Amino acid sequence: MRVLIRGAGVAGLTVAHELAANGIEVTVAEIAARPGGGASWFAGGMLAPWCERESAPETVVTLGCRAADWWDDALPGHVVRNGTLVVAPPRDAAELTRFAARTSIFDWLDSEEVGVLEPALMGRFRKALFFRKEAHLDPRRAIAGLFDKLAAMGVRFHFNAAPDFSGAGFDHIVDCTGAHCIGQTAELRGVRGEMLLLETPDVTLSRPVRLLHPRIPLYIVPRGNGVFMVGATMIESEDRGPVSARSLMELLNAAYALHPAFGEARVTETGAGVRPAFPDNLPRLESNGETIRVNGFYRHGFLLAPSIAMEVAAHITASRNSKSQQRAHRSSQGTPLANPPHINPLQIGAGR
Ligand SMILES: Cc1cc2nc3c(=O)[nH]c(=O)nc-3n(C[C@H](O)[C@H](O)[C@H](O)COP(=O)(O)OP(=O)(O)OC[C@H]3O[C@@H](n4cnc5c(N)ncnc54)[C@H](O)[C@@H]3O)c2cc1C
């Protein structure tokens, strides 16, 4: 069985991984010159289902709680399991209580405990929430690592592929082109996320730190070697243009509020990605005959793509098995079986 995947973002690469691991011949066509040409490049890489529950349905926890294990199995050594720290400036301390009321599986920390966990933050916050089961990874390293692994597994890649790269000769096409489908896929919209990278030798953090604010909650994710990703805005827009001055100020203010040493950091990169999202902000897997569409990962691509990729692989291997059963039946009986049940659409979301 041969499958064509369009798009080499986190969705396309995780699907490719699950299919190739099941012995399916996979080809990936990517319109950009390298893997991770879309939103995946700008992600924070947080695998934080319990924190995300603050504004997301329980499905995000159910589907996301095994993401760190999946990434660990697929790419050993990439996942950092140090949890997430959530803090708030003293004037916004009520935000912590509100966040705690909407989430679960965390510990309250006092100032001293915060300093034990993150010595750089010693004495800076009176209280914090610690989500010890959460993890993070460097999304760019993970994308590159998956690409190398898939190439070694025999997956074929076509970069700079034409948008209509021919699907002829494939048993299934899996469309993982993310925000590119806005305007073609009903209800899909874009949510712009701006981020920046800071570099400083003067701050050390071991885990993502979320800084609560009533209007603009932001986070800082350590990437190692003094590099920090600061993210991310949430703007209802499909604009991929450069970061606005206002967003830059807000992101820098958050970093400075977390630790004044960020004031001396170098801004080595600013960027913006468009998160593909459906109205319920949950991903969807829709099957229409031989074409399967996987989209709508919103702010949870690295968190939820593994679960959805496993569903895609189960769907495609079930169809392969039913086709080979039909063939076996035909050759023994000489008459065709009725068509296998058609799954259309599979929707991961509310009610599951
Ligand atoms: C600032 C920011 C921070 C984020 N932080 C996190 C986080 O901490 N944790 C988390 O889990 N998620 C996070 N996300 C969300 C995550 O990045 C997205 O959910 C995820 O990248 C979506 O993946 P995707 O593969 O569906 O889309 P994309 O990454 O956009 O990939 C789609 C790919 O398809 C390609 N393509 C487009 N058209 C075609 C075509 N016609 N043919 C072939 N290829 C095509 C594109 O070039 C691209 O490579 C963040 C997002 C942003 C923007």
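Residues numbered from 1 in each chain as written. Predicted model: local features only at pLDDT ≥ 70, side-chain atom pairs only at ≥ 80, totals over all residues. Heavy atoms only, no water.

> Got a minute to help me understand the sheet that holds strand β2 (residues 25-29) in this structure?
Strand pairing within a sheet occurs via backbone hydrogen bonds; the two strands may be parallel or antiparallel. Sheet architecture is open: six strands sit in the order β8-β2-β1-β9-β17-β16, paired in mixed fashion. A single partner strand is all that each edge strand has here, and the edge strands are β8 (156-158) and β16 (284-288). For this sheet, the mean angle separating the axes of adjacent strands, direction not counted, is 20°. Judged from the five bridges that link them, strand β1 (residues 2-6) and β2 form a sheet pairing that is parallel. Residue Val-3 lies in a different strand from β2, and its bridge partner there is Val-26. Taken strand by strand, helix α1 (residues 10-21) contacts β1, β2, β8 and β9 (172-175), and its axis lies near 165° from that of β1. (Pairing = 2+ DSSP bridges. Helix = DSSP H or I, 4+ residues; strand = E, 2+ residues; numbered from the N terminus. Axes fitted to C-alpha atoms, helices over the stretch in contact; angles between N-to-C directions. Contact = heavy atoms within 4.5 Å.)

> Is there a simple way to think about the environment of Asp-175 in this case?
Following the sequence through the fold, Asp-175 ends up in strand β9. Sequence-distant contacts of Asp-175, that is, excluding residues within four places in its chain, are made with Arg-6, Cys-181, Ile-292, Arg-293 and Val-294.

> I would appreciate a short explanation of the confidence of the model for the protein chain in the present structure.
A low pLDDT means the predicted coordinates there should not be read in detail. When pLDDT is averaged across the protein chain, the result is 92; 93% of the residues are at 70 or more. When the criterion is pLDDT under 50, residues 335-352 qualifies, and its contacts beyond four places in sequence or with other chains add up to 39 contacts. (pLDDT = per-residue confidence, 0-100.)

> Quick question: what am I supposed to make of the packing of aromatic side chains here?
Ring pairs (aromatic) are described by centroid distance and by the angle formed between their planes. Counted under the stated rule, the structure contains nine aromatic pairs. Ring centres 5.6 Å apart and planes at 65° place the aromatic pair Phe-147 and Phe-159 in the edge-to-face group. Within this pair, whereas Phe-147 is found in helix α7 (residues 139-152), its partner Phe-159 is found in the loop between β8 and β9, the two being separated by 12 residues in sequence. With relative accessibility at 22%, the residue Phe-147 sits in the partly exposed group. (Phe/Tyr/Trp six-rings, centres within 6.5 Å; stacked < 30°, edge-to-face > 60°. Buried < 20%, exposed > 50% of the residue type's maximum accessible area, 1.4 Å probe, protein only.)

> Looking at this model, I keep getting lost on the domain arrangement of the protein chain. Mind explaining?
When the parts of a complex come together, some accessible area is lost, and that lost area is often taken as the interface size. Taken domain by domain, the protein chain comprises domain 1 (1-78 + 136-186 + 278-352) and domain 2 (84-132 + 189-275). Between domain 1 and domain 2, the contact holds 23 residues from the first and 32 residues from the second. For the pair domain 1 and domain 2, the two sides together bury roughly 2300 Å², of which 59% comes from carbon and sulfur. Among the residues domain 1 hides against domain 2, the three largest losses belong to Phe-42, Cys-51 and Glu-54. Together they make up 27% of the total. Our count for the contact surface shared by domain 1 and domain 2 stands at four salt bridges. Where domain 1 packs against domain 2, one counts seven residue pairs in polar contact (both at pLDDT 80 or more). Going through the elements one at a time, α2 (49-52) and α7 are the ones with two or more residues in the side of domain 1 that touches domain 2. With three residues, the top contributor of residues to the side of domain 1 that touches domain 2 is α2. Partitioned by chemical class, the residues of the side of domain 1 that touches domain 2 number 13 nonpolar, four polar and six charged. (Domains from an automatic or database assignment. Buried area = accessible area lost by both parts, 1.4 Å probe. Salt bridge = Lys/Arg side-chain N within 4 Å of Asp/Glu carboxyl O. Polar contact = N/O pair within 3.5 Å; in protein donor to acceptor, adjacent residues only side chain to side chain. Nonpolar A, V, L, I, M, F, W, Y, C, P; charged D, E, K, R; others polar.)

> Which parts of the structure should I look at to understand helix α4 (residues 67-74)?
Residue pairs spaced three or four apart in an α-helix point in one direction, given the helix's 3.6 residues per turn. Among all positions of α4, only Ala-67, Ala-68, Trp-70, Trp-71 and Ala-74 are buried. Taken end-on, α4 shows its buried residues confined to a sector of 160°, consistent with a single buried face. (Arc of directions from axis to C-beta.)

> Looking at this structure, how should I read the pairing of strand β12 (residues 218-224)?
It is a general feature of regular strands that their side chains alternate between the two faces of the sheet. Among the seven residues of β12, six are classified as buried, and the element is accordingly described as predominantly covered. In the sheet, strand β11 (residues 209-211) pairs with β12 via three bridges, with the strands oriented antiparallel. Each residue of the ladder has a partner; that of Leu-211, found in β12, is Leu-218. Linking β11 to β12, which pair antiparallel, is a turn of six residues.

> Sorry if this is basic, but what is going on with the environment of Gly-263 here?
Relative to the helices and strands, Gly-263 resides in the loop between α8 (245-258) and β15 (266-277). Here Gly-263 falls in the partly exposed class, since its relative accessible area comes to 45%. For the pair Gly-263 and Leu-252, spaced 11 residues apart in the sequence, the C-alpha separation amounts to 8.0 Å.

> Before we go on, may I ask you to explain the site of the ligand in this structure?
Taken together, the neighbourhood of the ligand is formed by 33 residues, with Glu-30, Ser-40, Met-46, Tyr-298 and Phe-302 sitting nearest. A distance of 2.9 Å separates an oxygen atom of the ligand from a polar backbone atom of Phe-302. When isolated, the ligand has an accessible area of 1000 Å², and the protein chains bury 96% of it. Ranked by residues supplied to the shell around the ligand, first place goes to helix α9 (residues 301-333) with three residues. Grouping the amino acids of the shell around the ligand by side-chain chemistry returns 16 nonpolar, 14 polar and three charged. In this structure, the shell around the ligand is formed jointly by two domains, domain 1 (1-78 + 136-186 + 278-352) and domain 2 (84-132 + 189-275), each of which donates at least three residues. (Near = heavy atom within 4 Å. Areas by Shrake-Rupley, 256 points an atom, 1.4 Å probe, with all protein chains shown as cover.)

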